Amino acid sequence: GETWVLMKTAQTPTNIAVIKYWGKRDESLILPVNDSISVTLDPAHLCTTTTVAVSPVFQQDRMWLNGKEISLSGGRFQSCLREIRRRASEVEDKEKGVKIEKKDWEKLHVHIASYNNFPTAAGLASSAAGFACLVFALAKLMNVKEDESQLSAIARQGSGSACRSLFGGFVKWIMGKEEDGSDSVAVQLVDEKHWDDLFIVIAVVSSRQKETSSTSGMRESVETSLLLQHRAKEVVPKRILKMEEAIKNHSFESFAQLTCADSNQFHAVCLDTCPPIFYMNDTSHRIISYVEKWNRSEGSPVAYTFDAGPNAVLIARNRKAAAQLLQRLLFYFPPKSDIDLDSYVIGDKS
Ligand code: 2P0
């Protein structure tokens, strides 16, 4: 029989929301209750690299994550694979003498190998980069002729935040109106060159795995939090407009104020959930207090934002502000002398 293999590799950075996604109006299509805005990180630091391969000798779809085989049986993987296969077109590799017709893709199986260049255990969003990269690599392999926004609607069905990782720079995930999710897509607000002097410092407060997954946490918030309803209808729509303005005008003060307020409201929604969800810990709270104090005493604010875990994402206006921030963090959270600063964890006493 035939023995060829065709492969494609893609690399996708993770993204950090500055206006948060929290809550779905449709669980299976992953449709959110509000728009969100994120910044995509530099791929050199936090990214996923995924290689996808197709061969007639493959007996089934299989996937390895950081070298360990994982199950593809989950609905989210199946949705992404199905949606990409549906859009596959003809592929020809003359060197290998391979021609795959559109109809052949239903019968061919893929193997997927994915690596994160950051520790999964650090509690930093890996599903965002992971599903975006998977969808992008499969689309390249199967010659899918759709643009990034259309692909984002497929990545969204893997993990909501993944749709925002298909673009660099600042990205908005538009919640959309349609029941089928076709208009719930990501769009690029500005590319990575627009505001390229921002520095992002991630303070790893704990490397323990979080207790409540985002998926179940946001489900409970939608079911029980009145604050979530108010946030989605009244607060976020206005904040999205202000944030877009701040980004377009490089208005760091406004950007920082909106980012911090939105992170705090997201965690307030978590507290307003029954039973309450605690993602931040005492160290996270200490970081917020210090940053608020520094911001009040001088004109170069730092934005903080926390996701579904205790780690702080700190955004400084420029390199100088980042250097000062790092100096202060090291003073207030001194590392034990014998640990490598690369794996320096601020608050984990275990
Ligand atoms: C965000 N987070 O906007 C928000 C802020 C965490 C806090 O998107 O269920 O992994 O896969 O759609 O995308 C994390 O949730 O959840 C998240 P699913 P996801 O980045």
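Shown above is the structure to which this text applies.
Residues numbered from 1 in each chain as written. Predicted model: local features only at pLDDT ≥ 70, side-chain atom pairs only at ≥ 80, totals over all residues. Heavy atoms only, no water.

> How should the nonpolar core be read in this particular structure?
Soluble globular proteins tend to pack their nonpolar side chains together in the buried interior. Of all hydrophobic cores here, the largest spans 53 residues; its most connected members are Trp22, Val54, Ile84, Ile100 and Trp105. The dominant element in this core, judged by the number of residues it contributes, is helix H2 (residues 127–141), at 9 residues. Two domains each put at least three residues into this core: domain 1 (6–190) and domain 2 (199–343). If near-sequence neighbours (up to four positions away) are discounted, Trp105 is found in contact with Val54, Arg85, Ala88, Ser89, Val91, Ile100, Leu141 and Met142. One finds Val18, Ile287, Val302 and Leu329 within the second-largest nonpolar core, a separate group that totals 43 residues. (Core = buried A, V, L, I, M, F, W, Y, C linked by side-chain atoms within 4.5 Å. Buried < 20%, exposed > 50% of the residue type's maximum accessible area, 1.4 Å probe, protein only. Helix = DSSP H or I, 4+ residues; strand = E, 2+ residues; numbered from the N terminus. Domains from an automatic or database assignment. Contact = heavy atoms within 4.5 Å.)

> Can you walk me through the pairing of strand S15 (residues 302–306) in this structure?
Look at any regular strand and the pattern is simple: side chains alternate between the two faces of the sheet. Extensive coverage of S15 is indicated by the burial of 5 of its 5 residues. Of the two faces of S15, the one lined by Val302, Tyr304 and Phe306 and the one lined by Ala303 and Thr305 are each fully buried. Summarising the sheet, S15 and strand S16 (residues 312–316) pair through 5 bridges and their orientation is antiparallel. Among the inter-strand pairings, Phe306 is bridged to a residue of S16, identified as Ala312. With antiparallel pairing between neighbouring strands as the criterion, S15 and S16 make up a hairpin whose turn holds 5 residues. (Pairing = 2+ DSSP bridges.)

> I would appreciate a short explanation of the side chain of Thr305 in the present structure.
Along the chain, the position of Thr305 falls in strand S15. In terms of polar contacts, Thr305 uses its side chain to reach the side chain of Lys20, at 2.6 Å. Those residues in contact with Thr305 that lie beyond four places of it in its chain are Ile16, Ala17, Lys20, Thr259, Ser263, Asn311, Ala312 and Val313. (Polar contact = N/O pair within 3.5 Å; in protein donor to acceptor, adjacent residues only side chain to side chain.)

> Looking at this structure, I do not really get the site of the ligand. What am I missing?
The ligand sits among 16 residues. The nearest are Tyr21, Lys24, Arg76, Ser159 and Ser161. At a separation of 2.7 Å, an oxygen atom of the ligand approaches a polar side-chain atom of Arg76. Separating an oxygen atom of the ligand from a side-chain N or O atom of Arg164 is a distance of 2.8 Å. When residues in the shell around the ligand are grouped by element, the largest group, 3 residues, is from helix H4 (residues 214–224). When its residues are assigned to classes, the shell around the ligand shows 5 nonpolar, 6 polar and 5 charged. (Near = heavy atom within 4 Å. Nonpolar A, V, L, I, M, F, W, Y, C, P; charged D, E, K, R; others polar.)

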